[in-house]
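# Descriptive analysis of the structure
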Amino acid sequence: MSHPGEITRRDLLRRIGLTAVVVGPGAGLLSACATGGGTAASPSASAPAPATSAAFDPKNPFAVDAKKGLEVVIFTGGFKDDYATGLHQPMYTKAHAGATIKHTGTQNVGTMLRPRFLSGEVPDVVNNSGPEAMDVAALAAEGHVAELTALWDAPSFDDPSKKVRDTVTPAALEEGKLNGKDMTLNYVVSQRALWYNAKLFQEKGWTLPTTMEEFKALGDKAKAEGIHLFAYPGQKGPYYMLWNMLYTAAKIGGNKAIIDIDNLVDNAWKSDAMKASVTAWHEIFTKYSDKSYLGLDHTQTQVKHLQNKFLFYPTGSWLEGEMAKDKPETFEYAIAPFPSVTTADAMPYGAIQVGSGEVFFATAKGQNPQGALEYLRIMLSKEGAKGFVEKTGSLTIVNGSADGVELPPGLASAAKATDAAGPNVITSARFEGWYKELFDYAWAQQNILMGGRMTVEEYLDKVQKKADDVKADSSIAKQTRDA
Amino acid sequence: MERLRKYGFVIGFLIVPVTLYVVFVISPYIQAFQLSLTSWNGYQAVPNFVGLENFTRLFKDEVFWNALRTHGIVLLVMPLVVLALALVFSFLLNLGGGSRGAGMRGVTGSTFYKVVFFAPQVLAVAIVGVLWKAIYRPDEAGVINGVVMKLGGEPIGWMSDPDLALWSLIAVMCWQAVGFYVVLFSAGMSAIPKDYFEAAALDGAGRFTLFFRITLPLLRDTLQVGWVYLGIAAFDCFALVNVLTLDAGGPDGVTTVLPVEIFKTAFTYSKVGYASAMGVALFFLTITFAVLTLRVTRREKIEL
């Protein structure tokens, strides 16, 4: 029953429909905001050049103006952010009296900073880390990332006669490059191989297996005691297993096995080294582990490791710090190099992976690009690096940063293994960052393989096909590496 | 003057919600349509126009079809199970006790059951996810597998077995949704005049007949609304898939859904343009579903 003249629901809807059409063009005003307007950014990201020779001060190589503020964003993950607020930032304000620092600690680097890079109001130093880390290559393409060549060539904080470049592990310089340019500071050094409980081995009188045959023999012994030989988490850290297989392939066939995969070389995934490695680890997991690990995440799996439910776990040297709170007295982390798969492995037993991570970069269009470089230079000072080691229990790329610091047993064993490995260092797989899609696909399929639903050949075929797709996809920017 | 007063009143009510809706819903939609025609990576100041390339690639993308298959299965199974369970439960809670004295009543203890059914609805989806993670945990610490393994069984990979994962996920979705529809249908049932039941009962109708001849036809509108809601929910599932399933959508993509893939594509792989194309596809899927459902189930209304 409607009165004449009353607006019926239907009428109302129709009118809203009409108004929506009228509003239509106006909505264009709103619609432009996601991409931050149409002003094209000039991709010239020239790093702030060191001050001209006349006024060059080796104590202040970037001619930092203390009156300018500096904004620093730190990822508050496993390392927290007190190494920044309690150490690096006071060092900066002390070196440049009167300088003010705006500090932000966040777990959501991407959510927080992506809109700011679009609007142009960027911070100066970014610790691009964690699950929301941004695509640095894409940012660099927009001219947002400052080149670090000036930093590497600047006099070091402690000794002006020495360049910063000469105070750090050379691998870090290589791994901080994007398309051949120095773009990121990868601050932390980590060793990746297998981890085990040294105290358990001592107690049982077991020795580290050096070949796959010995590895399996130990697996049989452990099985008799109700312990699995090996496990990896199917959730949250399944790529630990992918690393494990890639690094073993590099041990078998040399670093070329990984470099070819990074460079998307045809059939790189189907190399003999890859095939041997995947076959060996597939056998280990299906015969000496348990499928239930495929449904556990990394923390659950690591807790089971602490309970001696299995012997070997593939990950990096941050493991000890990560599990410090849960670790019982009866457990002592130690690193075990990858067992030799063939008698003709390119690298001898003892080879481990050493790589750099925890990415920092300086922005090119911030309010204080000189200060950003200076902040990174301070991080690379002896004091800055040593303090980081003390606060986080992780090693930095700065040479001798752990001198005089008493390392926990796991880190100490990793440091020792690095010395023992000498030149036999396995390289990082860079496609993890370059072509994340391929990386994610490779570990997702690996879980299917380990679940017994695929053969090794099928696995390598599928991943190779995905690599071919990535290679053919013109929207994905390609990168290459020589070493 | 008369008209002005009337429209002024209506506009006064609508101006704020409509503005908010336009700014936060309509305009992002329009942007998504624009972005779906570009190869924007989320960082470029000026997105690159690529025409319909994203869509042609989308139709060849295995991941996209995986997600569609999940939506299809969830859409077929979940609303049916939820609506059937909710109907049975609410009938039992409200009318199942038969007529005693004046009017109809539920089975004994129905207030208690109401709380039990509704409880999952009160929990945030993330909590539901974490809770069921513990229940589905694949080793001896899992709630179900603990029992299974004590009884000497092999551990079951509830979320890690590709043949099982989707069904485990759907079970959780049903468990969580049923409570709300029990309440919805209870309200619908209490709106049915008691005389109808009494009259039918006098004529010798049993509970079975009461349910199918009176309750069900008179609940038709409520059921239809429930169907649309659940259907739209089947196109979402973002939070639960993200929290509960193996690495958001695994194993091997059997539990993946479009919203999860959109999120990954946009924010992990920095392919915002392509992700927007997926969003546009999802938009049309949801709209088509809602329109179809409303069309198919349209019927003359029964006046109570």
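Basis of the calculations
- Residues numbered from 1 in each chain as written.
- Chains lettered and ligands numbered in written order.
- Predicted model: local features only at pLDDT ≥ 70, side-chain atom pairs only at ≥ 80, totals over all residues.
- Heavy atoms only, no water.
- UniProt positions renumbered as here; feature names shortened; annotations may be inferred.
- Contact = heavy atoms within 4.5 Å.
- Buried area = accessible area lost by both parts, 1.4 Å probe.
- Salt bridge = Lys/Arg side-chain N within 4 Å of Asp/Glu carboxyl O.
- Helix = DSSP H or I, 4+ residues; strand = E, 2+ residues; numbered from the N terminus.
- Nonpolar A, V, L, I, M, F, W, Y, C, P; charged D, E, K, R; others polar.
- Buried < 20%, exposed > 50% of the residue type's maximum accessible area, 1.4 Å probe, protein only.
- Domains from an automatic or database assignment.
- Polar contact = N/O pair within 3.5 Å; in protein donor to acceptor, adjacent residues only side chain to side chain.
- Phe/Tyr/Trp six-rings, centres within 6.5 Å; stacked < 30°, edge-to-face > 60°.
- Lys NZ or Arg CZ within 6 Å of the ring centre and 35° of its normal.
- Patch = residues over 30% accessible without salt bridge, like charges linked within 9 Å, V, L, I, M, F, W, Y side chains within 5 Å.
- Areas by Shrake-Rupley, 256 points an atom, 1.4 Å probe, with all protein chains shown as cover.
- Axes fitted to C-alpha atoms, helices over the stretch in contact; angles between N-to-C directions.
- Parallel < 35°, antiparallel > 145°, perpendicular 65-115°, else oblique.
- Arc of directions from axis to C-beta.

Per an unreviewed UniProt entry, chain B goes by N-acetylglucosamine transport system permease protein and derives from Nonomuraea soli. Heading Sequence similarities (unreviewed entry) of the UniProt record for chain B holds this comment: "Belongs to the binding-protein-dependent transport system permease family." Taken from UniProt, the Subcellular location (unreviewed entry) comment for chain B reads in full: "Cell membrane".

Chain A appears in an unreviewed UniProt entry as N-acetylglucosamine transport system substrate-binding protein from Nonomuraea soli. Of the comments in the UniProt record for chain A, the one headed Sequence similarities (unreviewed entry) reads "Belongs to the bacterial solute-binding protein 1 family."

Once that is clear, we can look at the interface of chain B and chain A. Contact residues are listed per partner, giving 40 residues for chain B and 46 residues for chain A. Carbon and sulfur atoms make up 57% of the surface buried where chain B meets chain A, a total of about 3700 Å² over both sides. On the chain B side of the interface with chain A, the three residues burying the most area are Tyr43, Asp247 and Tyr269 of chain B, jointly 19% of the side's total. The tally of links between chain B and chain A comes to 8 salt bridges. Its salt-bridge partner being Lys271 of chain B, residue Glu437 of chain A comes within 3.0 Å of it at the nearest N-O pair. Among the secondary structure elements, those contributing two or more residues to the side of chain B that touches chain A are α1 (2-35) and α12 (258-268) of chain B. By residue number, the principal contributor to the side of chain B that touches chain A is α1 of chain B, which donates 11 residues. Tallied by class, residues from the side of chain B that touches chain A come to 19 nonpolar, 10 polar and 11 charged.

Once that is clear, we can look at unusual backbone geometry. Residues and elements named next belong to chain A. Even without a glycine there, the phi angle at Ala63 is positive, about 55 degrees. Structurally, the position occupied by Ala63 is in the loop between α1 (9-31) and β1 (70-75). What makes Ala63 partly exposed here is its relative accessible area of 41%. One non-glycine residue, Lys80, lies in the positive phi region at around 55 degrees.

With that out of the way, let us pick up the domain arrangement of chain A. Residues and elements named next belong to chain A. The assigned domain composition of chain A is domain 1 (53-189 + 355-406) and domain 2 (191-354 + 427-472). Taken over C-alpha atoms, the centre of domain 1 sits 32 Å from the centre of domain 2. Domain 1 puts 7 residues into the contact, and the matching count from domain 2 is 7 residues. Of all residues in domain 1, Glu175, Val189 and Gly355 give up the largest surface area on contact with domain 2, accounting jointly for 62% of the area buried on that side. Between domain 1 and domain 2 we count 0 salt bridges in total. Linking domain 1 to domain 2 there are 3 residue pairs in polar contact (both at pLDDT 80 or more). Taken together, the elements giving at least two residues each to the side of domain 1 that touches domain 2 come down to α6 (170-175) and β4 (177-178).

Moving on, we get to the environment of Asn94 of chain B. Residue and element names in this part refer to chain B. Positionally, Asn94 belongs in helix α3 (residues 62-94). Of the residues examined, Asn94 reaches a relative accessible area of 17% and is grouped as buried. In this structure, the C-alpha to C-alpha distance between Asn94 and Val116, residues 22 residues apart in sequence, is 15 Å.

As a further point, take the UniProt feature "transmembrane region" (unreviewed entry) in chain B. Residues and elements named next belong to chain B. Mapped onto this numbering, the UniProt entry gives "transmembrane region" (unreviewed entry) at residues 7-30, 73-95, 115-135, 164-184, 227-246 and 272-294. Span residues 7-30 is 100% helix and 0% strand, its end C-alpha atoms 28 Å apart. The distance separating the terminal C-alpha atoms of residues 272-294 is 33 Å; by composition the span is 100% helix and 0% strand.

All right, on to the packing of aromatic side chains then. Under the definition given, this model contains 46 aromatic pairs over all chains. Aromatic side chains Phe238 of chain B and Phe263 of chain B sit 5.7 Å apart centroid to centroid with 55 degrees between the ring planes, which places their arrangement in the tilted category. With Phe238 of chain B in helix α11 (residues 238-244) and Phe263 of chain B in helix α12, the pair connects residues that are 25 residues apart, well separated along the chain. Using a relative accessible area of 25% as the deciding quantity, one classes Phe238 of chain B as partly exposed. Here Phe263 of chain B falls in the partly exposed class, since its relative accessible area comes to 40%. Connected via pairs of aromatic rings, a cluster forms that spans Tyr239, Tyr240, Trp243, Trp269, Tyr293, Phe310, Tyr313, Trp318, Phe431 and Phe439 of chain A. Lying across the ring of Tyr288 of chain A, Lys223 of chain A places its NZ or CZ 4.9 Å from the centre. Sitting over the face of the ring of Tyr441 of chain A, Lys466 of chain A holds its NZ or CZ atom 5.4 Å from the ring centroid.

Let's shift gears to a nonpolar patch on the surface. A surface patch of nonpolar side chains, about 570 Å² in accessible area, is lined by Ile11, Ile15, Val16, Leu20, Val23 and Phe24 of chain B. Residue position: Phe24 of chain B is located in helix α1.

Residue and element names in this part refer to chain B. Between α3 and α12, the least distance of the axes is 9 Å, while the angle of their chain directions is 150 degrees. With respect to α12, the axis of α3 lies roughly antiparallel. In this structure, α3 uses Val63, Phe64, Ala67, Leu68 and His71 to contact α12, whose residues at the interface are Leu258, Pro259 and Glu261. Of the residues in the contact of α3 with α12, the class split is 6 nonpolar, 1 polar and 1 charged.

Of the positions making up helix α3 (residues 109-119) of chain A, those classed as buried are Val109, Gly110, Leu113, Arg114, Phe117 and Leu118 of chain A. Looking down the long axis of α3 of chain A, one finds its buried residues gathered within 140 degrees of arc, a one-sided arrangement. Facing away from the buried side of α3 of chain A, by more than 90 degrees, are the exposed residues Thr111 and Ser119 of chain A. Those residues of α3 of chain A hidden inside the fold are in contact with β1, β2 (101-106), β3 (125-128), α4 (136-141) and β10 (352-362) of chain A together with α12 of chain B.

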